[in-house]
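Overview (structure and organization)
Letter by letter, the chains look like this.
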Amino acid sequence: MSQSVTGGDVIRLIGVRDTPLSVDEVYAAVGASGAGGTAVFAGTVRDTDHARAVTALSYSAHPSAERELRAVMEKVAADFPVLGLAALHRVGDLRIGDIAVVVAASSPHREEAFAACRRLIDDLKAHVPIWKHQTFADGGDEWVGAC
């Protein structure tokens with residue numbers, strides 16, 4: 001998959017990658033001299049889900065995932081007074097503790113930064129076609145759709 005950085009736009013970094021993600025990269029992307037608050041969320045792979053031990057996890061994405069992520073980010077930018085937005089999601093095989101997704105929002109005030117960041121991760125999970133396949137220690141597995 002790819003990554004793009006936009007200039008002059010509040011959408012500063014967007015991507016679906018098969019390589020490890022960096023919280024520092026996402027944080028730096030949303031920096032702005034007028035930002036009084038920056039909120040960052042990092043989602044990591046946990047060792048249990050619904051009280052079942054997870055032994056393996058993989059994410060896959062539809063080819064339209066980045067386009068859909070951009071649409072989500074455009075809506076957040078329209079609804080909140082943000083100065084910068086960034087979102088990266090990982091695909092491929094991940095290990096326990098790996099970062100699966102990082103999103104960030106900067107705004108003149110912390111309240112708007114928190115709200116925009118929360119909306120960004122919630123809408124990403126609800127609308128961007130990225131799927132998680134989990135394998136459990138009991139031999140079972142499940143697919144979890146992001147939308």
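Structure: see above.
What comes next is a walk through the structure.

How each quantity is defined
Residues numbered from 1 in each chain as written. Predicted model: local features only at pLDDT ≥ 70, side-chain atom pairs only at ≥ 80, totals over all residues. Heavy atoms only, no water. Phe/Tyr/Trp six-rings, centres within 6.5 Å; stacked < 30°, edge-to-face > 60°. Lys NZ or Arg CZ within 6 Å of the ring centre and 35° of its normal. Helix = DSSP H or I, 4+ residues; strand = E, 2+ residues; numbered from the N terminus. Buried < 20%, exposed > 50% of the residue type's maximum accessible area, 1.4 Å probe, protein only. Pairing = 2+ DSSP bridges.

1. Considerations on the packing of aromatic side chains
Taken as a whole, this structure holds zero aromatic pairs when the rule is applied. Here the basic side chain of R52 rests over the ring of F136, its NZ or CZ set 3.9 Å away from the ring centre.

2. A look at the environment of R70
Summarising the element assignment, R70 is placed in helix α2 (residues 65-79). With 58 residues separating them along the chain, R70 and V128 place their C-alpha atoms 9.3 Å apart.

3. Digging into unusual backbone geometry
Look at H50: it is not a glycine, yet its phi comes out positive at around 55 degrees. Residue position: H50 is located in the loop between β4 (48-49) and β5 (52-61). Taking relative accessible area as the criterion, H50 reaches 67% and is therefore assigned exposed. Despite not being glycine, A51 shows a phi value in the positive range, around 65 degrees. Residue A51 is classed as exposed on the basis of its relative accessible area of 81%.

4. Considering the pairing of strand β9 (residues 130-136)
Where burial is concerned, the two faces of β9 differ: the one with I130, K132, Q134 and F136 is buried and the one with W131, H133 and T135 is not. Turn length for the β9-strand β10 (residues 141-145) hairpin, with the two strands adjacent in sequence and antiparallel, is four residues, and the turn residue G139 shows positive phi of about 95 degrees.

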